[in-house]
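This is what each chain is made of:
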Amino acid sequence: MRQTVLVVGAGPGGAVAALSLAQQGICDVTLVDRDQFPRNKTCGSGLSPNALKLLDQVGVGPEVRARGYAISGLRLKTPGGRSMLLRSPDDAAVILLRKDFDQLLVERAQSLGVRFREGFHVRSLIEEGGRVVGVRAGSEELRASYVICADGAHSIFSRDPRPKRTISTLMGWWENFDFEPHTLEMIFAPLVSPLYGWMFPETEERVNIGICMDGQDPDGSKTSRNVREVFHRFLDQEFSERLRNARPVGQFKGHPISYTTWIQHTAAPGAVFLGEAARMTHNATGEGIFQAMQSGMYASRALARIFRGEATETEAMQAYAWQCRRRFTTSFIMGHLFRGLVKTPVLDSVARLYNSARVRSVTTRALSFALAGSVSRGEAG
């Protein structure tokens, strides 16, 4: 059976691409994923202000806010141990477990007529005459006019030949942990420089604590540091007292994050790549959910233009690549600059001056742009 569009990967990027196609009147869309849903997904589960704005556009923003844990404050600890607390008058972010968030997006897509096949493990693309015409899962094939590849950091479909730059992560969960309600913590400890460790409250009772660190040494080779050993040292240095009476929940889990600064290789004849399959993640924070969803929306619009006869495939895919570059490249460059600043005394100097209202305002805006690609409307405090 030939599908108009086949979306491989039902994470946020793939699900948004599918439901956005349906919203534009593309009725023949199939979304597939190798897992059974709802399924657990190792992730910080944070939805940034940009992500929430996009979710409003696809009609699920209010439900996400209702079901998630609201975040209105960020406590940032500098490499020198100084602390800054940034506050927003509104809920600036939401924590919603991927098990619930991904299921919500899939259900939204299904409500618009998208077919969903779970437990469908795609092993390869089908190509004929240099064009992608479908996918193969075991002995079964699905054919499509276009295939959207949203299969994440471990993408087996990516056409990007460049060496991967990665961020290594590891996280754990605890209950009975002492934390400030609705406030996440970012800790720029020298141990994980130029990246950071975090504490995200997921509910009133449970927190997620983790680290992200470069997956490569300065020479570009795979890092010789053991992320589990670094994580244990980080916990001892930053949270030993607060973890004393906390109860661990489950096991530590981690995953790699693949990133780039200049987005390339986003399409092939008959196929389009989005999110981490095209290395669209933030290099300073590891955020990828927003980038996946936004690129999914751009990809859906590109295909809709082709179906409506408004652009050739070549024109639409070139426009898709440039949309992604325009939206993300500045924030990726700012992320690199921020990574450089972390290795200098600048953050500590700013923290020393933080009692000045003007410094707080400028700092809040600068950090919002560097870390999230947007300017916060909030106030520092």
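Presented here is a report on the structure given in the accompanying data block. Because the structure is a prediction, the values reported are computed rather than measured.

1. Focus on the side chain of S331
So, point 1. Here S331 lies in helix α7 (residues 313-342).
So, point 2. The class of S331 is buried, set by a relative accessible area of 9%.
So, point 3. Separated by 2.8 Å, the side chain of S331 and the backbone oxygen of F328 make a polar contact.

2. A word on helix α2 (residues 49-57)
So, point 1. Of all the residues in α2, the buried ones are N50, A51, L52, L54 and L55.
So, point 2. Just downstream of α2 lies G59, where phi reads positive at about 90°.

3. Quick look at the nonpolar core
So, point 1. Core analysis: the largest hydrophobic core is formed by 73 residues, its most contacted members being L55 and V64.
So, point 2. Broken down by element, the residue count for this core peaks at nine residues, all from helix α6 (residues 289-307).
So, point 3. Beyond its immediate chain neighbours, meaning those up to four positions away, L55 contacts L47, V60, G61, V64, F101, L105 and M293.

4. Details of the packing of aromatic side chains
So, point 1. Overall, the coordinates contain 13 aromatic pairs when judged by the stated rule.
So, point 2. Taking 5.8 Å as the distance between ring centres and 70° as the angle between the ring planes, the aromatic pair formed by Y146 and F307 counts as edge-to-face. With a gap of 161 residues between them, Y146 in strand β11 (residues 140-149) and F307 in helix α6 connect regions that are remote in the sequence.
So, point 3. Residue classification places Y146 among the buried positions, given a relative accessible area of 9%.
So, point 4. We classify F307 as partly exposed; its relative accessible area is 32%.
So, point 5. Among the aromatic residues, those joined into a ring-pair cluster are F188, Y196, W198, F200 and F338.
So, point 6. Stacked on the ring of W322, the Lys or Arg R325 has its end atom at 4.8 Å from the ring centre.

5. Some words on the packing of α6 against α7
So, point 1. Taken N-terminus to C-terminus, the directions of α6 and α7 make an angle of 160°; their axes are 9 Å apart at the nearest point. When the axes of α6 and α7 are compared, the pair comes out roughly antiparallel. Here α6 and α7 pass one another in a crossing that is right-handed. Judged by residue contacts, F290, Q291, Q294, S295, Y298, A299, A302, L303, R305 and I306 of α6 engage E313, A316, M317, A319, Y320, Q323, C324, R327, F328 and F332 from α7.
So, point 2. Taken together, the residues of the contact of α6 with α7 break down into 13 nonpolar, four polar and three charged.

Calculation rules
- Residues numbered from 1 in each chain as written.
- Predicted model: local features only at pLDDT ≥ 70, side-chain atom pairs only at ≥ 80, totals over all residues.
- Heavy atoms only, no water.
- Helix = DSSP H or I, 4+ residues; strand = E, 2+ residues; numbered from the N terminus.
- Buried < 20%, exposed > 50% of the residue type's maximum accessible area, 1.4 Å probe, protein only.
- Polar contact = N/O pair within 3.5 Å; in protein donor to acceptor, adjacent residues only side chain to side chain.
- Core = buried A, V, L, I, M, F, W, Y, C linked by side-chain atoms within 4.5 Å.
- Contact = heavy atoms within 4.5 Å.
- Phe/Tyr/Trp six-rings, centres within 6.5 Å; stacked < 30°, edge-to-face > 60°.
- Lys NZ or Arg CZ within 6 Å of the ring centre and 35° of its normal.
- Axes fitted to C-alpha atoms, helices over the stretch in contact; angles between N-to-C directions.
- Parallel < 35°, antiparallel > 145°, perpendicular 65-115°, else oblique.
- Left-handed = near helix turned anticlockwise from the far one by under 90°.
- Nonpolar A, V, L, I, M, F, W, Y, C, P; charged D, E, K, R; others polar.

Honestly, it's all geometry; don't read function into it.
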